[in-house]
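# Examining the three-dimensional arrangement
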Amino acid sequence: MSPCRSKQPLHDATGDTLGPLPAGWEERITDDSRIFYVDHATKTTQWEDPRLKKLGGPAMRYSIQYKKKYDNFRAKLRKPESVPNKFDIKVSRSNILEDSYRGIMAVKKPELLKTKLWIEFEGETGLDYAGVSKEWFYILSKEMFNPYYGLFEYSAIDDYTLQINPQSGLANEEHLSYFRFIGRICGMAVYHGRLIDAYFIRPFYKMMLHRHISLKDLESVDSEYFNSLQWILENQPDCLELTFSVDEDVFGDKKEVELKENGRDIKVTNENKSEYIQLIIKYRFSDRVKKQMLAFMEGFNDLIPQQLLTMFDPNELELLLAGLQDIDVNDWKAFTKYRGGEYNTNHPVVINFWKVVYLFNNEQRSRLLQFVTGTSRVPMNGFAELYGSNGHQPFTIEKWGTPADLPRAHTCFNRLDLPPYSTLEELRAKLLFAIENTEGFDGVD
């Protein structure tokens, strides 16, 4: 074997070259033109480019203590009694929100929602071995939390973190019934070990846990407003001529709201400014959306008892509902299985597959994960805890078809059928086409 450099430089998701190999590493090529890497420090060789691991994503950061909490939580969830062995839901993709709302809110006995879910999309042949229900939660949550419907809105700091719209009643007269429905869906997701495709502001999780919301919580929601209140806390506020009232903007009309009785006549001073700030925070996050939050929690508690939530903190509750946001490819690769005896970790197609995934940005990784498993979210303790129709079901890759075929997925079993593409470029192009254009369950077995 003779040393050889790659003819094409590798690029990361931003288009930048990956740079030189780490110290002590060398790239070589076999007689049959396969590139491999030599680590002279350990005198070992490997097929995978050592520069890729740095693109893998954040390391797992969840403790054994959290895993124990989660296992304890699952063990205490009460199983339904005296109910049918499954609950059927038939929806159309084009009207998934309204179809699901009617089906779920027609249930008078919430215990029914704890039994096996059997989801059917109109006009599709997929069988629900858990794969279709995962997709149902995924697509429905994108609709439920879409600000277009006026129930939720984005926080002031970004366009993906959600908060309850305090004016939701003006957008939908039946908004409280919809909030109870959304609470039920979130409760069902937690009960059935599924994930929703939504992330909320931190105070939302604190309200779910009945915990105190502090000034610090405002910083991640509205940094400008946080800085204003922080200035008041650290300085004399008399010059601002504030009172214990706020102006509420309702579609352009200003409305004065008193934070306490006769608040418009009480000046904010250095002596009472701490009370003023606490009342502002309470109004901002709690009072304005109190009815909506009560309706949401009523629906959520239909499935998940409130006392069981108290074992989690707000960060852990976010994980329970939505899983990990960033995808760690190193963890993904470590807990992947290969089925059928053809593919393995050192097979050229598998090497190229992981190279493509490492070079994907996080959105593309999420699309790939959703394509194969039915959800773009990673369970709270990483890929080791992926579940499918038969319980624990690791991400699996199997050789299938010819290079003329597109990759196909079996979301019920978290399995990717990957044709034997001969080049990295072909694999990447076919994989991207599949994950960006394929929807539905025709042909899934």
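Heads up: these notes are all about the structure in this document. Predicted model only: the values in this text are computed from it and were never measured.

Right, let's talk about the side chain of Asn352 for a bit. The topology assignment puts Asn352 in helix H14 (residues 348–359). Residue classification places Asn352 among the buried positions, given a relative accessible area of 14%. Sequence-distant contacts of Asn352, that is, excluding residues within four places in its chain, are made with Thr423, Leu424 and Leu427.

Mapped onto the elements of the fold, Asp99 is located in helix H2 (residues 96–105). With 10 residues separating them along the chain, Asp99 and Ile89 place their C-alpha atoms 8.7 Å apart. Discounting residues that sit within four places of it in the chain, Asp99 has contacts with Lys90, Val91 and Ser92.

With that out of the way, let us pick up the sheet that holds strand S8 (residues 161–164). Strand order in the open sheet formed by three strands is S7-S8-S9, with mixed pairing between adjacent strands. Whereas interior strands pair on both sides, the edge strands pair on one side only; in this sheet they are strand S7 (152–154) and strand S9 (199–200). Examined bridge by bridge, S7 and S8 share three bridges and lie antiparallel to one another. In the strand pairing of S8, Phe152 is matched with Ile164.

The next subject is the environment of Leu406. Looking at where Leu406 falls in the secondary structure, it is placed in the loop between strand S15 (396–399) and strand S16 (408–410). Taking the C-alpha atoms as reference points, Leu406 and Ile435, 29 residues apart in sequence, are found 9.9 Å from one another. Setting aside its immediate chain neighbours within four residues, Leu406 contacts Trp400, Pro419, Tyr421, Lys430 and Phe433.

We now examine the packing of helix H15 (residues 362–373) against helix H16 (residues 424–437). Two elements in contact, H15 and H16, have axes separated by 9 Å at closest approach and are oriented at 70 degrees. By the angle between their axes, H15 is roughly perpendicular relative to H16. Considering the relative orientation of H15 and H16, their crossing is left-handed. Residue-level contacts link Gln364, Arg367, Leu368 and Phe371 of H15 to Arg428, Leu431, Leu432, Ala434, Ile435 and Glu436 of H16. In terms of residue class, the contact of H15 with H16 is built from six nonpolar, one polar and three charged.

Quick notes on the rules
- Residues numbered from 1 in each chain as written.
- Predicted model: local features only at pLDDT ≥ 70, side-chain atom pairs only at ≥ 80, totals over all residues.
- Heavy atoms only, no water.
- Helix = DSSP H or I, 4+ residues; strand = E, 2+ residues; numbered from the N terminus.
- Buried < 20%, exposed > 50% of the residue type's maximum accessible area, 1.4 Å probe, protein only.
- Contact = heavy atoms within 4.5 Å.
- Pairing = 2+ DSSP bridges.
- Axes fitted to C-alpha atoms, helices over the stretch in contact; angles between N-to-C directions.
- Parallel < 35°, antiparallel > 145°, perpendicular 65-115°, else oblique.
- Left-handed = near helix turned anticlockwise from the far one by under 90°.
- Nonpolar A, V, L, I, M, F, W, Y, C, P; charged D, E, K, R; others polar.

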